[in-house]
Amino acid sequence: MTSHSPAPHPAPLSALMLTVPVAMGYIPLGTVFGFLFVQAGGDWWVAVLASLVVFAGAAQYMMIPMLAAGMSVGTIALATLIVNLRHVFYGLSLLHKLPQGRWFRAYLVFGLTDETYSVLTTLPDSTPRSQMVLVALLNQGWWVLGTTIGAVIGSQAQVNLAGLDFVLAALFAVLTVEQWRIKKSPAPLWIALAAYALAYPLAAKHALVISIGLSIAASLLWQVKASASTTEAKP
């Protein structure tokens, strides 16, 4: 009688492989940022420094015309806070996954971008916290690499980068597909789509923040309803 051993579980992806899809978006987008920053009159090293100590994606693009207009650092910081306010919601949903080490926890909070959040939420709860921090670190590394490339090019030549802004939309499409594949229920995606469809006609400029709030409220109601159903089902 031949005994069959259970099929081995697929090996978890390394942190590097997890960040490859993000790299495909971050390097071109970082390149565009570095290029535009230098073309607006900034020093190339300041662009790289911004990607190291700010690392705010869309807010970094926003600060280019603000710096060119001579706005104060306080004004730019306030605008960045408003644009990235959605990250507060991201952090709340990851509280149980944050590493215990003070520095690791602080860095993960700092490096939590939309794309990093999307990758981290697809990982199982058993994922080592050090790997989560490495994912965030690598993602920032891709952004800094792109910024450096763009800043160097921008300081040396005039190059047309039209069309590269579509990379962000393509990146989010890939991340959405991965979320769809990893989740057992399609409900989160439909809730998000419905929330944005409701928020956009109400306040187009703030539709993202409103839709995130609506999605969180719907998720909480969903969990309360599920918990009530489980309690009623118990004898």
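Residues numbered from 1 in each chain as written. Predicted model: local features only at pLDDT ≥ 70, side-chain atom pairs only at ≥ 80, totals over all residues. Heavy atoms only, no water.

As for the overall build of the protein chain
- For the protein chain, the count of helices and strands is 11 helices and 0 strands.
- Summarising the internal contacts of the protein chain: among those between residues at least 6 apart in sequence, 74% fall at separations of at least 24.
- Entry remark: accessible area of the protein chain is about 14,600 Å², with carbon and sulfur atoms responsible for 71%. (Helix = DSSP H or I, 4+ residues; strand = E, 2+ residues; numbered from the N terminus. Contact = heavy atoms within 4.5 Å. Areas by Shrake-Rupley, 256 points an atom, 1.4 Å probe, with all protein chains shown as cover.)

Describing the nonpolar core
- Core analysis: the biggest nonpolar cluster contains 33 residues, and Phe33 and Leu120 have the highest contact counts within it.
- Looking at this core, the elements with two or more residues in it are helix H1 (15-39), helix H2 (44-53), helix H3 (58-68), helix H4 (73-83), helix H6 (102-110), helix H7 (114-120) and helix H8 (129-156).
- For this core, the element with the highest residue contribution is H1, accounting for 9 residues. (Core = buried A, V, L, I, M, F, W, Y, C linked by side-chain atoms within 4.5 Å. Buried < 20%, exposed > 50% of the residue type's maximum accessible area, 1.4 Å probe, protein only.)

Quick word on helix H10 (residues 187-202)
- Between its first and last C-alpha atoms H10 spans 23 Å; for 16 residues at 1.5 Å apiece the expected length is 22 Å, and the two agree.
- Listed as buried for H10 are Ala187, Ala195 and Ala199. An end-on view of H10 places all buried positions within 85° of arc, on one side of the element. More than 90 degrees from the buried face of H10, the exposed residues found are Trp190, Ala197 and Pro201. (Expected span 1.5 Å × (residues − 1). Arc of directions from axis to C-beta.)

As for the confidence of the model for the protein chain
- The pLDDT averaged across the protein chain works out to 79; a share of 78% of its residues lies at or above 70.
- Here residues 1-11 is modelled with pLDDT under 50, and outside its nearest four sequence neighbours on either side it reaches 0 contacts, counting other chains as well. (pLDDT = per-residue confidence, 0-100.)

Notes on the packing of aromatic side chains
- Scanning all chains against the criterion turns up 8 aromatic pairs.
- Here the aromatic rings of Tyr26 and Trp143 are separated by 5.4 Å at their centres, their planes lie at 75°, and the arrangement is edge-to-face. Of this pair, Tyr26 sits in helix H1 while Trp143 sits in helix H8, and the two are 117 residues apart along the sequence.
- Given the relative accessible area of 4%, Tyr26 is considered buried.
- Ring geometry for Tyr107 and Phe110: centres 5.9 Å apart, planes at 50°, overall tilted. With Tyr107 and Phe110 both in helix H6 and 3 residues apart, the pair spans about one turn of that helix.
- Within the aromatic cluster, the residues linked to one another by ring pairs are Tyr26, Phe33, Phe37, Phe55, Tyr61, Tyr107, Phe110 and Trp143. (Phe/Tyr/Trp six-rings, centres within 6.5 Å; stacked < 30°, edge-to-face > 60°.)

Details of the side chain of Gln140
- For Gln140, the location among the structural elements is in helix H8.
- Taking the relative accessible area as the measure of exposure, Gln140 reaches 7% and is therefore buried.
- Within the structure, Gln140 has its side chain in polar contact with the side chain of Tyr107 (distance 2.6 Å).
- For Gln140, the residues in contact, after removing those within four places along its chain, are Ser51, Leu52, Phe55, Tyr107 and Phe110. (Polar contact = N/O pair within 3.5 Å; in protein donor to acceptor, adjacent residues only side chain to side chain.)

Considerations on a nonpolar patch on the surface
- A cluster of nonpolar side chains, namely Trp44, Trp45, Leu49, Leu52, Val53, Val54 and Val152, defines an oily patch on the protein surface of about 640 Å² accessible area.
- Tracing the backbone through its elements, the reader meets Trp44 in helix H2. (Patch = residues over 30% accessible without salt bridge, like charges linked within 9 Å, V, L, I, M, F, W, Y side chains within 5 Å. Salt bridge = Lys/Arg side-chain N within 4 Å of Asp/Glu carboxyl O.)

Some points on unusual backbone geometry
- The phi torsion at Phe55 lies on the positive side, around 50°, for a residue other than glycine.
- In this structure, Phe55 sits in the loop between H2 and H3.
- On the basis of relative accessibility, which here comes to 5%, the residue Phe55 falls in the buried class.

Quick notes on the side chain of Glu115
- On the secondary structure map, Glu115 appears in helix H7.
- Judged by relative accessible area, Glu115 falls into the buried class, the value being 5%.
- Of note is the side chain of Glu115, whose polar atom sits 2.4 Å from the side chain of Tyr26.

Quick word on the packing of H1 against H3
- For the pair H1 and H3, interaxial distance at closest approach is 10 Å and the crossing angle is 5°. One element, H1, and the other, H3, form an angle in the roughly parallel class. On H3, the residues that touch Leu29, Val32, Phe33, Leu36 and Phe37 of H1 are Gln60, Tyr61, Met63, Ile64 and Leu67. (Axes fitted to C-alpha atoms, helices over the stretch in contact; angles between N-to-C directions. Parallel < 35°, antiparallel > 145°, perpendicular 65-115°, else oblique.)

A few points about the packing of H1 against H8
- Look at H1 against H8: their axes get within 6 Å of each other, and the N-to-C directions meet at 30°. The angle between H1 and H8 falls in the class roughly parallel. Judged by the twist between their axes, the crossing of H1 over H8 is right-handed.
- Residues of the contact of H1 with H8, tallied by class, amount to 20 nonpolar, 12 polar and no charged. (Left-handed = near helix turned anticlockwise from the far one by under 90°. Nonpolar A, V, L, I, M, F, W, Y, C, P; charged D, E, K, R; others polar.)

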